[in-house]
Amino acid sequence: MGGNRLFGLTNSGVDYSRAVPLFDDSQHQIYWVGTHTGGEEIECNSYLVVDGGEGYLLEPGGYDRYVPTLQKVNQVISAMAITHLLFSHQDPDICASLPHWVRTNNRMKVVLPAQWTRFMPHYMNYDMTQLMASKLAYVPVPDEGLTLNLKSGGQLQCITAPFLHSPGNMAVFDTVSGFLFSGDIGAALYKDGKPRLVIDDWQEHVAAMQGFHQRYMSSSKAVAGFARKLHGFTIQAMLPQHGSVFRGEEVSRFLHWLERLTVGADYLYADIR
Ligand SMILES: [Fe+2]
Ligand SMILES: [Fe+2]
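Nothing here was measured: the structure is a model prediction, and the numbers come from that model.

What counts and how
- Residues numbered from 1 in each chain as written.
- Chains lettered and ligands numbered in written order.
- Predicted model: local features only at pLDDT ≥ 70, side-chain atom pairs only at ≥ 80, totals over all residues.
- Helix = DSSP H or I, 4+ residues; strand = E, 2+ residues; numbered from the N terminus.
- Rg over C-alpha atoms; globule rule 2.2 N^0.38 Å.
- Buried ≥ 20, exposed ≤ 12 C-beta atoms within 10 Å, placed from the backbone.
- Contact = placed C-beta atoms within 7 Å.
- Pairing = 2+ DSSP bridges.
- Core = buried A, V, L, I, M, F, W, Y, C linked by C-beta atoms within 7 Å.
- Axes fitted to C-alpha atoms, helices over the stretch in contact; angles between N-to-C directions.
- Arc of directions from axis to C-beta.
- Parallel < 35°, antiparallel > 145°, perpendicular 65-115°, else oblique.
- Left-handed = near helix turned anticlockwise from the far one by under 90°.
- Nonpolar A, V, L, I, M, F, W, Y, C, P; charged D, E, K, R; others polar.

Engineer: Outline the overall build of the protein, supporting the account with residue identities and numerical values.
Structural biologist: Assigned secondary structure in the protein consists of eight helices and 13 strands. A compact globule built from 273 residues would reach a C-alpha radius of gyration of about 19 Å, and the protein, at 18 Å, matches this within 12%. Each of the three principal axes of the protein carries a C-alpha extent, and together these read 55 × 40 × 40 Å. Here the protein, with 273 residues, has 41% of them falling under the buried criterion. Taking contacts inside the protein between residues at least 6 apart in sequence as the whole, the part at least 24 apart equals 65%.

Below is the structure:
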């Protein structure tokens, strides 16, 4: 996998104030453009895919994360070169920056699970009607998924992962890099608040993931259904919206761990069969 810079990354080598290159070939680049503010709120990973000069911003982030994420995007491309915003689900830590992004660039396509398009105007502090009459457009992703074709000939494949945790939820597979952007699936919350873009210690990482997955993922059946959907994909890395990126065999290690964990309704109501 040429240009895969993620595999050479160490946590001590990451400058979180800048866009972090994760994958780089002539037509196709991927950057981490997230934020770590050190506050009480959950820290977020945002990702920028640049393909043939066009930008795809995944998991844009919360309302106050617009400026730091925009600064990182600007280190790579102009915000006007972003053609698509992709939201794995409807949560504020992903979507609340929407009014800023569409005010900056009103020609973007907003790609998100179909269940949430009618809710997105509630993030706006101004009327979207005019925007929708111009070039801004929703691309609702149906349950069966949707493919975005890239200039390089690659694809971003939106694979729905309902109820992990949101009822309308998707992961995005990039066929060029083999990266799977997994939203909240694989999220980790370290108690010390220190950012870790890659995993140093697997047991420590499991401890940082367990509580979140038990409480936020909806059911073990939803996990099994998603794991079945992933059969046949060759995944080089899995990039969640919180915590660390899974590289190489860490991906299957994570999926095996999650499939064995009792989560959501099955965890909370373990006494009900
Ligand atoms: Fe979420
Ligand atoms: Fe999240």
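So that's the structure; there's more coming.
Engineer: Residue-level account of the sheet that holds strand E13 (residues 246-247), with values.
Structural biologist: The sheet built from six strands is open, its strands ordered E8-E9-E10-E11-E12-E13 with mixed pairing. Two strands close off the open sheet at either side, each with one partner strand: strand E8 (146-149) and E13. As paired strands, strand E11 (residues 179-183) and strand E12 (residues 237-240) are joined by four bridges and run parallel to one another. From the neighbouring strand, Phe 179 faces E12, where its bridge partner is Ala 237.

Engineer: Run through the pairing of strand E6 (residues 109-113), naming residues and quoting values.
Structural biologist: In regular strands, side chains alternate between the two faces of the sheet. Most of E6 sits out of view: four of its five residues are buried. For strand E5 (residues 82-86) and E6, the ladder comprises three bridges, and the chain directions are parallel. Within E6, the residue paired with His 84 across the bridge is Lys 109. Of the pairings in the sheet, the one linking E6 to strand E7 (residues 137-141) comprises five bridges and is parallel in character.

Engineer: Let's hear about the nonpolar core: which residues, and what values?
Structural biologist: Membership of the largest hydrophobic core comes to 64 residues, with the highest contact counts inside it found for Tyr 31, Tyr 47, Leu 48, Ala 171 and Val 172. Discounting chain neighbours no more than four positions away, the residues touching Val 172 are Leu 58, Leu 86, Leu 156, Gln 157, Cys 158 and Phe 181.

Engineer: Quick rundown of the sheet that holds E6? Include the residues and the values.
Structural biologist: In space, the seven strands of this open sheet follow the order E1-E2-E3-E4-E5-E6-E7, with mixed pairing throughout. Pairing within the sheet leaves two strands with one partner each, and these edge strands are strand E1 (20-25) and E7. On average, each strand axis in the sheet is tilted by 15° relative to the strand beside it, whichever way the strands run. As defined by bridge partners, strand E3 (residues 47-51) adjoins strand E4 (residues 54-58) across five bridges and the pair is classed as antiparallel.

Engineer: Could you give an account of helix H1 (residues 66-74), with specific residues and numbers?
Structural biologist: Those residues of H1 that sit buried are Tyr 66, Thr 69, Leu 70, Lys 72 and Val 73. Projected onto a plane normal to the axis of H1, the buried residues spread over an arc of 160° and lie on a single side. In H1, the exposed positions angled more than 90 degrees off the buried face are occupied by Val 67 and Asn 74. For H1, the secondary structure elements touched by its buried residues are E3, E4 and helix H3 (98-104).

Engineer: Outline the pairing of strand E10 (residues 170-174), listing residues and values.
Structural biologist: Counting buried positions over the five residues of E10 gives five, a clear majority of the element. Here five bridges tie strand E9 (residues 155-160) to E10, and the two strands are oriented antiparallel to one another. Paired with Thr 160 across the two strands is Met 170, which belongs to E10. Once E10 ends, the chain turns through four residues before running back antiparallel as E11, passing Gly 178 with a positive phi of about 80°.

Engineer: An account of unusual backbone geometry is requested, with residue identities and associated values reported.
Structural biologist: Residue Leu 164 is joined to His 165 through a cis peptide bond whose omega torsion reads -5°. Mapped onto the fold, His 165 is located in the loop between E9 and E10. Of note, the phi angle at Glu 59 is positive, near 60°, even though the residue is not glycine. Within the fold, Glu 59 resides in the loop between E4 and H1. Looking at Glu 59, the number of C-beta atoms within 10 Å reads 30, which means it is buried.

Engineer: Could you give an account of the packing of helix H6 (residues 220-229) against helix H7 (residues 250-260), naming the residues involved and the relevant values?
Structural biologist: H7 packs onto H6 with a crossing angle of 150° between their chain directions and a minimal axis gap of 9 Å. The orientation of H6 relative to H7 falls into the category roughly antiparallel. The chirality of how H6 crosses H7 is left-handed. Residues Val 223, Ala 224 and Ala 227 of H6 pack against Leu 255, Leu 258 and Glu 259 of H7. Considered class by class, the residues forming the contact of H6 with H7 number five nonpolar, no polar and one charged.

Engineer: I'd like a rundown of H6, residues and numbers included.
Structural biologist: For H6, the complete set of buried residues consists of Ala 222, Val 223 and Phe 226. Projected down its long axis, H6 shows its buried positions confined to an angular sector of 100°, all on one face. Exposed side chains of H6 directed beyond 90 degrees from the buried face belong to Ala 224 and Arg 228. For H6, the secondary structure elements touched by its buried residues are H7.

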